[in-house]
Amino acid sequence: MLEVHNLVKHYASPGGESVQAVDGVSLTVRPGELVALYGPSGSGKTTLLKIVAAVLEPDRGEVLVNGRSVTGLSDREATAYRLADLGLVLQTSHMIAGLTAIENASLKLIASGVSRRDAERQLTPLLERLGLDGRAEHRANDLSMGERQRLALAKSLSNDPSLLLADEPTGNLDTARGRDVLAFLREYSREHRTAILIATHDPQAVSYADHAHTLRDGRLTEFCAEVDAQLGEVTVHQP
Ligand SMILES: Nc1ncnc2c1ncn2[C@@H]1O[C@H](COP(=O)(O)OP(=O)(O)OP(=O)(O)O)[C@@H](O)[C@H]1O
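Residues numbered from 1 in each chain as written. Predicted model: local features only at pLDDT ≥ 70, side-chain atom pairs only at ≥ 80, totals over all residues.

With that out of the way, let us pick up the site of the ligand. Near the ligand the following residues occur: Tyr11, Ser13, Val19, Ala21, Gly39, Ser41, Gly42, Ser43, Gly44, Lys45, Thr46 and Thr47. It is helix 1 (residues 45-52) that provides the largest number of residues to the shell around the ligand, a total of 3 residues. Taken together, the residues that form the shell around the ligand break down as 3 nonpolar, 8 polar and 1 charged. (Near = placed C-beta within 6 Å. Helix = DSSP H or I, 4+ residues; strand = E, 2+ residues; numbered from the N terminus. Nonpolar A, V, L, I, M, F, W, Y, C, P; charged D, E, K, R; others polar.)

Next comes the structure, spelled out in structure tokens:
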């Protein structure tokens, strides 16, 4: 379970001005829930996810994951948190070019002390569900952007995290593949009781979420939307 309370983060720009990237955000994601943060580029989505992932420190506010604060962690504590509790898919996923898809996806489990053989065994059903079983033995640099993105998702879920954060999970996918991934995430959250928070500007993603928040200029606004799932269109009405 994720609880974010009054989170604030600003960046100093080279010109000396301050960019208020996250401005007093509070939200909750419960086990088994898929929550979308919907907002245009620059609205603060990635900053928020990075703070929850203990990659960035907030200026103020609190982030609790399963009741434990994840701000102010040492590097070692932050790494342990990400290996044990968290699945994280950022917009650029780093793959080792010379390794195969399944070897890349296994790296997180191997870092947690799982043998390579067991890691690959655990990964196989996830790769199948993400439509990557035919690509498991291909080298990472032979995969398309969309395949890499799905592979990053498999890797991030390999440790069965209680919280998954995904930044634009449908960003490199066509509409049909995007729908498959969203349906997968919704199903996965229910089956594994995983709390899932996705940052997106994809209206289709909003229509798969249990709850959606709009983020504008670092602030959450009350979400009032008409979703046309078939057309993949969302009309957001500002309060
Ligand atoms: N390292 C940084 N230094 C200075 N300003 C930054 C930095 N990172 C982000 N920003 C600014 O903070 C604001 C929020 O950026 P953020 O990347 O969190 O938004 P976003 O909604 O995720 O956008 P995108 O989808 O384009 O990544 C933007 O105005 C951005 O320019």
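Now for the sheet that holds strand 1 (residues 2-12). As summarised here, the arrangement of the 4 strands in space is 2-1-4-5, forming an open sheet in which the pairing is antiparallel. In the strand order of this sheet, the two ends are held by strand 2 (18-29) and strand 5 (68-69), each with one partner. As paired strands, strand 1 and strand 2 are joined by 9 bridges and run antiparallel to one another. Following the sheet pairing, Val8 is matched in strand 2 by Asp23. Docked against the sheet, helix 1 engages strand 1, strand 2 and strand 4 (60-65), running at close to 120 degrees with respect to strand 1. (Pairing = 2+ DSSP bridges. Contact = placed C-beta atoms within 7 Å. Axes fitted to C-alpha atoms, helices over the stretch in contact; angles between N-to-C directions.)

Two elements in contact, helix 3 (residues 101-111) and helix 5 (residues 145-157), have axes whose closest approach is 7 Å; the angle formed by their N-to-C orientations is 35 degrees. In this structure, helix 3 meets helix 5 at a crossing whose hand is right-handed. On helix 5, the residues touching Ala101, Asn104, Ala105, Leu107 and Lys108 of helix 3 are Leu151, Ala154 and Lys155. Looking at side-chain class alone, the contact of helix 3 with helix 5 contains 5 nonpolar, 1 polar and 2 charged residues. (Left-handed = near helix turned anticlockwise from the far one by under 90°.)

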